[in-house]
Amino acid sequence: MTDLAAKASELLRLHHTGTTLVLPTVWDAWSARTVVAAGFPALSVGSHPLADSRGQKDNEGMTLDDALDGIRRITAAVDVPVTADLESGYNTPAAELVDRALDAGIAGINIEDTVHSESRLRDLTEHADYIAALRAAADQAGVELVINARTDALITKLVTFDDPLTEAVDRSKACESAGARCVYPVGVPNAEALQTLLKELSGPLNVTADPVKGAYSGSYAELQAAGVHRITFGPLLQFTLTEKITELLNPWH
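Here we summarise the structure given alongside this text. (Residues numbered from 1 in each chain as written. Predicted model: local features only at pLDDT ≥ 70, side-chain atom pairs only at ≥ 80, totals over all residues. Heavy atoms only, no water.)

It is worth spelling out the overall build of the protein chain at this point. In terms of regular secondary structure, the protein chain is built from 10 helices and 11 strands. Dimensions of the protein chain, computed from the C-alpha atoms along their principal axes, are close to 55 × 40 × 40 Å. In the protein chain, which comprises 253 residues, the share counted as buried stands at 53%. Here the contacts in the protein chain between residues at least 6 apart in sequence split such that 69% fall between residues at least 24 apart. Summed over all atoms, the accessible surface of the protein chain reaches about 11,500 Å², with 53% contributed by carbon and sulfur. With 20 positive and 35 negative side-chain charges, the protein chain shows a separation of 3 Å between the mean positions of the two kinds. (Helix = DSSP H or I, 4+ residues; strand = E, 2+ residues; numbered from the N terminus. Buried < 20%, exposed > 50% of the residue type's maximum accessible area, 1.4 Å probe, protein only. Contact = heavy atoms within 4.5 Å. Areas by Shrake-Rupley, 256 points an atom, 1.4 Å probe, with all protein chains shown as cover. Lys, Arg positive; Asp, Glu negative; His and termini not counted. Charge placed at Lys NZ, Arg CZ, Asp CG, Glu CD.)

Okay, here's the thing in structure tokens:
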């Protein structure tokens, strides 16, 4: 599978098979090849582990050029669909961001509503409008780019919401209407909140899990049984490997 449009369409299809899609989160060509060799049909790139692998900071401590340089090395190393975390868009107009993402071989993008460079949370309409502009640019390019719209409503310290869960639902609904193909309310605190989100939202939902411990909202088996459409690991796979490497090396000093 070498054509990017075909990869994007395949990534979208994988969100709608009726089974939970696990997209292990990688950060370089080695980790990407390892995930593919383990049998996964697609993968995700996380901004946090990518930044760590480059000796840079997450939360837009990298430039868009930096991020795309790392991501391009990953997409060139594997022949499966790759979705990549582009934070809040690196202050880049939607059409330009899509053009550059596609040029880097990206089949899906994760876009969040926290603008770290300005220490603010986009309001609901602003974020949905950006998602809509990304959707329009991808459609114009003829690519079913899988836009994963992230909201930090459940975890942000920048704004105080009377009901963070309702805010996360409202923001996710707005992004679905704007053309997101998956939504990602970060920090789902428990199984009850997860059920509310799954009931209220119409499209695929992304949950972050630890590859060993699972998520706050459930184990892998519980997330599958609940009907979660997509699981990514964020920086947690890299964190787990760091612990394992430390364990392996301790006897050697």
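And the narrative resumes.
So, about unusual backbone geometry. Most peptide bonds adopt trans geometry, and most residues besides glycine take a negative phi value. Located in the positive-phi region is Glu87, a residue other than glycine, with phi close to 50°. Of note, Glu87 is situated in the loop between strand S4 (82-85) and helix H5 (94-103). Classification of Glu87 as buried rests on a relative accessible area of 0%. One non-glycine residue, Ser119, lies in the positive phi region at around 50°. Looking at the secondary structure, you find Ser119 in the loop between strand S6 (114-115) and strand S7 (120-121).

Okay, the side chain of His15 next. Among the secondary structure elements, His15 is positioned in the loop between helix H1 (4-14) and strand S1 (21-23). Polar side-chain contacts of His15 include one of 2.7 Å to the backbone oxygen of Leu11. Setting aside anything within four residues of it in sequence, one finds His15 in contact with Leu21, Val146, Cys182, Pro204, His229 and Arg230. (Polar contact = N/O pair within 3.5 Å; in protein donor to acceptor, adjacent residues only side chain to side chain.)

We now examine the environment of Ala76. Inspection of the secondary structure assignment puts Ala76 in helix H4 (residues 64-77). Look at Ala76 and you get exposed, because its relative accessible area is 67%.

Counting across every chain of the model gives 16 salt bridges. Between Arg54 and Asp69 there is a salt bridge, with its nearest N and O atoms 2.8 Å apart. Here the residue Arg54 occupies a position in helix H3 (residues 47-54), and Asp69 occupies one in helix H4, the gap between them amounting to 15 residues. A relative accessible area of 30% places Asp69 in the partly exposed class. One salt bridge connects Glu167 with Arg171, and the closest N-O pair in it is separated by 2.8 Å. Of this pair, Glu167 and Arg171 both sit in helix H7 (residues 164-178), separated by four residues, roughly a single helical turn. Across the pair, Arg171 and Glu167 agree in class, each one buried. (Salt bridge = Lys/Arg side-chain N within 4 Å of Asp/Glu carboxyl O.)

For the rest of this paragraph, the subject is the sheet that holds strand S10 (residues 206-208). Spatially, three strands are ordered S1-S11-S10 in an open sheet, and the strand pairing comes out parallel. Two strands close off the open sheet at either side, each with one partner strand: S1 and S10. The sheet shows a mean angle of 25° between the axes of neighbouring strands, direction not considered. Here S10 pairs with strand S11 (residues 230-232) via three bridges, running parallel. (Pairing = 2+ DSSP bridges. Axes fitted to C-alpha atoms, helices over the stretch in contact; angles between N-to-C directions.)

Moving on, we get to the packing of aromatic side chains. Across all of its chains, the model carries one aromatic pair by this definition. Ring geometry for Trp27 against Trp30: centres 6.5 Å apart, planes inclined by 55°, an arrangement best described as tilted. Look at Trp27 and you get buried, because its relative accessible area is 9%. (Phe/Tyr/Trp six-rings, centres within 6.5 Å; stacked < 30°, edge-to-face > 60°.)

All right, on to the pairing of strand S5 (residues 108-111) then. Burial along S5 is two-sided: Gly108 and Asn110 facing one way and Ile109 and Ile111 facing the other are all buried. Relative to S5, S4 runs parallel, the two sharing three bridges. Note that in S5 the partner of Asp85 across the bridge is Asn110. What joins S4 to S5 is H5, and the crossover it makes is right-handed. (Right-handed = clockwise from strand over helix to strand, strands pointing away.)

A separate point is the layout of surface pockets. The space that makes up the largest pocket amounts to roughly 860 Å³. Contributions of two or more residues to the lining of the largest pocket are made by strand S3 (43-45), H3, S4, strand S8 (146-151), strand S9 (182-185), S10, S11 and helix H10 (236-249). When its residues are assigned to classes, the lining of the largest pocket shows 17 nonpolar, 19 polar and nine charged. (1 Å grid on protein atoms, 1.4 Å probe; cavity = no way out; pocket = protein on both sides within 12 Å on 5 of 7 lines; lining within 4 Å. Points joined across faces, edges and corners; volume = space filled by probe spheres on them. Nonpolar A, V, L, I, M, F, W, Y, C, P; charged D, E, K, R; others polar.)

Take the side chain of Thr83 next. Mapping Thr83 onto the fold places it in strand S4. A polar atom in the side chain of Thr83 sits 3.1 Å from the backbone oxygen of Gly108. With near-sequence residues (within four places) excluded, Thr83 lies in contact with Leu11, Leu23, Leu43, Ser44, Val45, Gly108, Ile109, Val146 and Arg230.

What is shown is where atoms sit, not what they do.
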